[in-house]
Structure formats: structure tokens, C-alpha cells
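# Overview (structure and organization)
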Amino acid sequence: MWYHKPDITEELLQSLPNLKVVASSGVGIDHLDLKLLSRYGVKVSNTPFIVSTDTADMGMALLLASSRRLVEGHEMAVSPDTEYFPADWLGVEVSGATLGILGMGTIGYKVAERAKAFEMKILYHNRNQRKKEEESAVGAVYCKKIDDLLQQSDFVLLAVNLTPQTHKLIGKRELELMKPTATLINISRGLVVDQDALVEALQNKVIKAAALDVTYPEPLPRDHPLLKLKNVIITPHIGSATKKTRWVMMEEMAESIEAGLAGLPIPREVL
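Note that the structure is predicted; figures quoted are calculated from it, not measured. (Residues numbered from 1 in each chain as written. Predicted model: local features only at pLDDT ≥ 70, side-chain atom pairs only at ≥ 80, totals over all residues. Heavy atoms only, no water.)

### Digging into the UniProt feature "domain: D-isomer specific 2-hydroxyacid dehydrogenase catalytic" (unreviewed entry) in the chain
- The feature "domain: D-isomer specific 2-hydroxyacid dehydrogenase catalytic" (unreviewed entry), as given by UniProt, occupies residues 2–270 in the numbering adopted here.
- Each end of residues 2–270 is marked by a C-alpha atom, and these two atoms are 16 Å apart; helix forms 36% of the span and strand 13%. (UniProt positions renumbered as here; feature names shortened; annotations may be inferred. Helix = DSSP H or I, 4+ residues; strand = E, 2+ residues; numbered from the N terminus.)

Next comes the structure, spelled out in C-alpha cells:
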């Protein structure tokens, strides 16, 4: 499966009686009905670890691009109408700012490692608190309550898996808890955010900006209000989109398929 295609429905499974394994690219499995697949005796694999470094890089890229208004700056610099650069055209500081990471798994932790190099203060919320030595290595402080993280962060970065518990995790209430100077960054799944609430928050300056590598749907309808806001950066779900990573992802998928067909233990099987 690439980009969640094809759709794994019961009708498809009934038409493929010899299907043994579904190898899905990337880390997310929210597009798969694992119970349905198990009922048909089909095993599932993904490629969770190879994507983490590039996706963490993407998170920092979005943070930096948004804070320093790189997209707006590029448009100004190349516009045929530009006659001078205004002296009061300013971004916000990253060094010394507070980054709140929701989801401190492999990707979230790699983001923290990068943010430490930018001398950021790091807060995080996770289902399980990290080991003390892991926290110390990146200078991260655990927030038991999401609300505490939202209220203190200059940048809030989402790196959670999409589950029933994280569906629209960030809604109107959560956005209103954030600082009016804060930026929301999403490198997880579009449905982790209530997009209608986000549009309203951005239009009404409840928060300062958003930088999104994921939306719902993908791509957004061409008349969607998020596409018209200057304080939004949207990229086309390219967190893992580097040549090396995509090549290794395909290799890992092929390994899982070969193992499944041979009746061997499947590398990276989703249980």
C-alpha cells in the first residue's frame, strides 16, 4: 500500500482468497481495519522507524519557516511589485522559545533533539512519561496535562498517532488555551486537528499561525479557507519524502511481503 491505496475493504478481501500480507508504507495504520484483516488471516506490516528522522526534520523545517515567515518573504522578494523591503517586516525568535511536543514517540523525541540544538525549552505530553535519562538528554519537561503544555508553549507540535483518542485532539477549547502568539505545527495526521476550529482561530487571531504537513482531506479543496490565509504554511504530506527514505521504505515493504509469502516471521509486523 502506498498513500493508503488500495482501500482494504471486505469486498476486496473476499476477492483475494490467497492474500497473506498487507505491507503499508509509513508508520500510520489508521487507514486499516486490523480486526477485519485478522478475521481473514491477513497479516500487516508498516515501516515505522525509517521515517522518523526525515519527519522530525520536516517538523523543524515547518517551525523555522513559519516563525521566520519564509514563504511570505520569498513571495515578497520575487514579486514584480516589490520596490523595497519594509523594515518592520518581522518574524519571531526560535532560540529560547518554548516548544510543546504532543506525542513523544520516536519522531517526537527526534524533534526534541533538534530543538535542543536551537536552545529551545522543551515540554512534552505523552501517554507514558519518558525515562529520566531520556528527558535529561534533551532537556525535556513532562506535562501530565495537555492543558499545561498548551498554555506555556510558543510552538505546539503534534506528533501523535491517529487513534479514537487523538481524533480532533486539538479543537476550539485547546486552541483557546494556547498563547495568541503561538504557532501550531502538525506532522502527524490531519484529523488530529479540528480544521474548522483551526480556521476560526487563525482568522480571529486566537493563535498566531499554523504550519501543516497534513490536512483532511489531502489535498484540500481548492476553495478551502486554510489555503487563503497568510499565516498558514501547508505542505503536501512530505514528512518522509526524501529519496533515501522512500527507497528504504520500499525495501522494507518487499522484505515483509517475501517473509509473509514464505511463512516466516514478518519484520515490523503490526500486532
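### Description of the domain arrangement of the chain
- Examined at the domain level, the chain breaks down into domain 1 (10–49 + 241–262) and domain 2 (52–234).
- When each unit is reduced to the centre of its C-alpha atoms, the spacing between domain 1 and domain 2 is 30 Å.
- Summing both sides of the interface, domain 1 and domain 2 together bury roughly 550 Å²; the carbon and sulfur share of this comes to 40%.
- Our count for the domain 1 to domain 2 interface comes out at one salt bridge.
- Where domain 1 meets domain 2, there are four residue pairs in polar contact (both at pLDDT 80 or more).
- For the side of domain 1 that touches domain 2, the residue count by class is two nonpolar, three polar and one charged. (Domains from an automatic or database assignment. Buried area = accessible area lost by both parts, 1.4 Å probe. Salt bridge = Lys/Arg side-chain N within 4 Å of Asp/Glu carboxyl O. Polar contact = N/O pair within 3.5 Å; in protein donor to acceptor, adjacent residues only side chain to side chain. Nonpolar A, V, L, I, M, F, W, Y, C, P; charged D, E, K, R; others polar.)

### Details of the UniProt feature "domain: D-isomer specific 2-hydroxyacid dehydrogenase NAD-binding" (unreviewed entry) in the chain
- In this structure's numbering, the residues bearing the UniProt feature "domain: D-isomer specific 2-hydroxyacid dehydrogenase NAD-binding" (unreviewed entry) are residues 60–239.
- In the segment residues 60–239, helix accounts for 32% and strand for 16%; the C-alpha atoms at its two ends are 11 Å apart.

### Looking at the pairing of strand E3 (residues 98–102)
- Taking burial as the measure, the five residues of E3 include five buried ones, the bulk of the element.
- Residues Thr 98, Gly 100 and Leu 102 of E3 are buried on one face, and the alternating residues Leu 99 and Ile 101, pointing to the opposite face, are buried as well.
- Both E3 and strand E4 (residues 121–125) contribute to a ladder of five bridges, which runs parallel. The residue bridging Gly 100 from the neighbouring strand is Leu 123, located in E4.
- Remark: the E3/helix H5 (residues 106–117)/E4 crossover connection has right-handed handedness.
- Direction of pairing for E3 relative to strand E6 (residues 155–158): parallel, over a ladder of four bridges. Of the residues in E6, the one forming a bridge with Leu 99 is Phe 155. (Buried < 20%, exposed > 50% of the residue type's maximum accessible area, 1.4 Å probe, protein only. Pairing = 2+ DSSP bridges. Right-handed = clockwise from strand over helix to strand, strands pointing away.)

### A short note on the pairing of strand E8 (residues 209–212)
- Of the two faces of E8, the one carrying Ala 209 and Ala 211 and the one carrying Ala 210 and Leu 212 are both buried.
- Relative to E8, strand E7 (residues 183–186) runs parallel, the two being bridged by four bridges. The residue of E8 that forms the bridge with Leu 184 is Ala 210.
- Two strands pair when backbone bridges link them, and E8 and strand E9 (residues 232–234) are joined in this way by three bridges, in the parallel orientation. Bridging from a neighbouring strand, Ala 210 pairs with Val 232 of E9.

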